Amino acid sequence: MELNIEQIKEILPHRYPFLLVDKVTDYKAGEWAKGIKCVSVNEGFFCGHFPSYSVMPGVLIIEALAQVGAIAILTEKENKGKIVLFAGIKNARFRQKVVPSDILELSCELVDKRGSMGFGKAVATVNGKIAVTAELSFAVMD
């Protein structure tokens, strides 16, 4: 099931310039979500990272992955209207750079839940090649 940007904004509290998911391409509530971020040269962070060699900051790729994970969590009926906070990152690996004109494919699979905590395995790819992998943790707040 797809979600457009307006549907994403109904789920996530993030807004420009910090909403980093342009479209959800598929998801299963409470289990996983996949989305895309179309990386444009017009992104504000490219003004300083780096002016003569534009590279998307790794922390923003991780944030985009966390937002996809939050969508997986917040599409569960019992979590509707709640907020998901980023609670941790483990084993983040940056394998290739992400540059303007790339379409960043994002996926996060929730692998464990303990109370209000969720844990996911996240992968970002560009043209089928892995750019970033990480294990993420989330805290669901009322």
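Everything numeric here is computed off the predicted structure, so don't read it as measured data.

**Topic: the overall build of the chain**
So, step 1. Looking only at helices and strands, the chain has 2 helices and 6 strands in total.
So, step 2. The N-to-C order of helical and strand elements in the chain reads α-β-β-α-β-β-β-β.
So, step 3. Dimensions of the chain, computed from the C-alpha atoms along their principal axes, are close to 45 × 30 × 25 Å.
So, step 4. Counting over 142 residues, the chain shows a buried share of 44%.
So, step 5. The contacts in the chain between residues at least 6 apart in sequence include a share of 61% that link residues at least 24 apart.

**Brief notes about the packing of aromatic side chains**
So, step 1. Throughout the structure, instances matching the rule amount to 1 aromatic pair.
So, step 2. The aromatic ring of Trp 32 is capped on one face by Lys 34, whose charged end is 5.7 Å from the ring centroid.
So, step 3. A cation over a ring is seen here: Arg 114 above Phe 119, with NZ or CZ 4.7 Å from the ring centre.

**Focus on the nonpolar core**
So, step 1. In terms of nonpolar packing, the biggest core is built from 40 residues, with Met 56 and Leu 104 touching the most fellow members.
So, step 2. At the level of secondary structure, the elements contributing two or more residues to this core comprise β1 (23-28), α2 (58-74), β4 (103-114), β5 (117-126) and β6 (129-141).
So, step 3. If one sorts the elements of this core by residue count, α2 sits on top with 12 residues.
So, step 4. If we skip the residues at most four places from it in the chain, Leu 104 touches Gly 35, Ile 36, Lys 37, Val 39, Met 56, Ile 61, Val 98, Ala 124, Thr 125 and Val 126.

**Re the sheet that holds β1**
So, step 1. In space, the 6 strands of this open sheet follow the order β1-β2-β4-β5-β6-β3, with antiparallel pairing throughout. Lying at the two open borders of the sheet, with one neighbouring strand each, are β1 and β3 (83-94). In this sheet, adjacent strand axes meet at a mean angle of 20° when their direction is disregarded.
So, step 2. In this sheet, β6 lies alongside β5 in antiparallel orientation, the contact comprising 10 bridges.

**Observations concerning the pairing of β6**
So, step 1. Sheet analysis places β3 next to β6, joined by 9 bridges and oriented antiparallel. Its bridge partner being in β6, Val 84 is matched across the sheet by Val 140.
So, step 2. Counted along the chain from β5 to the antiparallel partner β6, the turn is 2 residues long, and its residue Asn 127 has a positive phi close to 55°.

**Focus on the side chain of Asp 102**
So, step 1. In this fold, Asp 102 is placed in the loop between β3 and β4.
So, step 2. Buried charge without a salt bridge: Asp 102, with Lys 97 as the nearest opposite-charge side chain at an N-O distance of 8.4 Å.
So, step 3. Reaching out from Asp 102, the side chain makes a polar contact with the backbone nitrogen of Val 99 at a distance of 2.9 Å.

**What about α2?**
So, step 1. The end-to-end C-alpha distance of α2 is 24 Å, a good match for the 24 Å that 17 residues give at a rise of 1.5 Å each.
So, step 2. α2 sits mainly inside the fold: 15 of its 17 residues count as buried.

**A look at the pairing of strand β2 (residues 32-38)**
So, step 1. Taken together, the 5 bridges between β1 and β2 define a ladder with antiparallel strand orientation. Following the sheet pairing, Lys 28 is matched in β2 by Trp 32.
So, step 2. Between β1 and β2, which pair antiparallel and follow one another directly, the connecting turn spans 3 residues, one of which, Gly 30, has a positive phi of 80°.
So, step 3. The pairing of β2 with β4 spans 7 bridges and is antiparallel. By the bridge assignment, Gly 35 is partnered in β4 with Leu 106.

How each quantity is defined
Residues numbered from 1 in each chain as written. Predicted model: local features only at pLDDT ≥ 70, side-chain atom pairs only at ≥ 80, totals over all residues. Heavy atoms only, no water. Helix = DSSP H or I, 4+ residues; strand = E, 2+ residues; numbered from the N terminus. Buried < 20%, exposed > 50% of the residue type's maximum accessible area, 1.4 Å probe, protein only. Contact = heavy atoms within 4.5 Å. Phe/Tyr/Trp six-rings, centres within 6.5 Å; stacked < 30°, edge-to-face > 60°. Lys NZ or Arg CZ within 6 Å of the ring centre and 35° of its normal. Core = buried A, V, L, I, M, F, W, Y, C linked by side-chain atoms within 4.5 Å. Pairing = 2+ DSSP bridges. Axes fitted to C-alpha atoms, helices over the stretch in contact; angles between N-to-C directions. Lys, Arg positive; Asp, Glu negative; His and termini not counted. Salt bridge = Lys/Arg side-chain N within 4 Å of Asp/Glu carboxyl O. Polar contact = N/O pair within 3.5 Å; in protein donor to acceptor, adjacent residues only side chain to side chain. Expected span 1.5 Å × (residues − 1).

These figures come from the coordinates and say nothing about function on their own.
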